[in-house]
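# Fold and geometry: a report
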Amino acid sequence: NNISGQSIPDTVAKTLDEPVVDRSISAARIIYRLPISGSAGLNIGKQYKPGDWDWIIVNGGGNDLWLGCGCIACDRKLDKLVTDDGSKGAIPSMVSDLRKTGARVIYVGYLRSPGVGSPIEHCRKEGDILEQRVALMADLDAGVFFLSLRDLVPHGDRSYHTIDMIHPSIKASTAIGTKIAQIIQGE
């Protein structure tokens, strides 16, 4: 939704009447070892560029599970992303680095499948576990906020997803951006 100016960051910027810089790259992962394409943004941690940021909005882990565990090693991949107590793993390490900048961090969860026609439907359980662990991580630091999107998509409602049934539609981007802005306004 970047091209139409109706992405999540666009909604946050419009709602808050503040500038928002979007460094997100499609298909990026938290655990990404290739150096050149990782530096180009396919490694989510490398998307960050130093600046005088008050807030950093981040999302990640879904591609690591969907594309990275092959549906056979999900438990191991989950543990590498974030341990069951939320204290260790690639996600807490990345968030800790972001917090060292002095900015507060909002970690945004994932849209859930509407239960119809989505290639990510089989990852629902792992997505729920990932989010439970990320929520525990956020509880460990008052400057980290977790926004779950677990209840955003009504069962059977395809209008929150693009045609691929994975990524957010303009409707979902607007709803998510509004929820992020509400967190920032509440602090």
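Here, residues in each chain are numbered from 1, in the same order as that chain's written sequence. Owing to the predicted nature of the model, reporting of local features is limited to residues with pLDDT of at least 70; listing and counting of side-chain atom pairs is limited to 80 or more, with chain, interface and lining totals taken over all residues. To get the side-chain values, all heavy atoms of the structure are used, and hydrogens and water are removed first.

The subject of this paragraph is the pattern of salt bridges. Pairing between side chains of opposite charge can happen when their charged atoms approach one another. Here a salt bridge means any side-chain nitrogen of Lys or Arg lying within 4 Å of a carboxyl oxygen belonging to Asp or Glu. Summed over the entire model, instances satisfying the criterion amount to seven salt bridges. A salt bridge links D157 to K171, with the nearest nitrogen and oxygen atoms 4.0 Å apart. One end of the pair, D157, is in the loop between β3 (144-147) and α7 (170-185); the other, K171, is in helix α7, with 14 residues separating them in the sequence. Residue burial is assigned from relative accessible area. The probe radius is 1.4 Å, only protein chains are included, and a residue is buried under 20% of its type maximum, exposed over 50%, and partly exposed in between. Taking the relative accessible area as the measure of exposure, D157 reaches 21% and is therefore partly exposed. With a relative accessible area of 42%, K171 lands in the partly exposed category. Among the ionic contacts, a cluster of salt bridges with common partners joins R112, D128, E131 and R150. Labels follow the DSSP assignment, with helices taken as runs of H or I lasting at least four residues and strands as runs of E lasting at least two, numbered in each case from the N terminus.

We call two strands paired when DSSP finds no fewer than two bridges between them. Here we have three strands laid out as an open sheet, ordered β1-β2-β3, and parallel in their pairing. Either end of the sheet is taken by a strand with one partner, and the two such strands are β1 (55-58) and β3. Neighbour-to-neighbour, the strand axes of the sheet open up by a mean angle of 20°, direction not taken into account. The pairing of β1 with strand β2 (residues 104-108) spans four bridges and is classified as parallel. Axis definition: a line fit to C-alpha positions, over the contact stretch in the case of helices; interaxial angles, taken between N-to-C directions, run 0 to 180 degrees.

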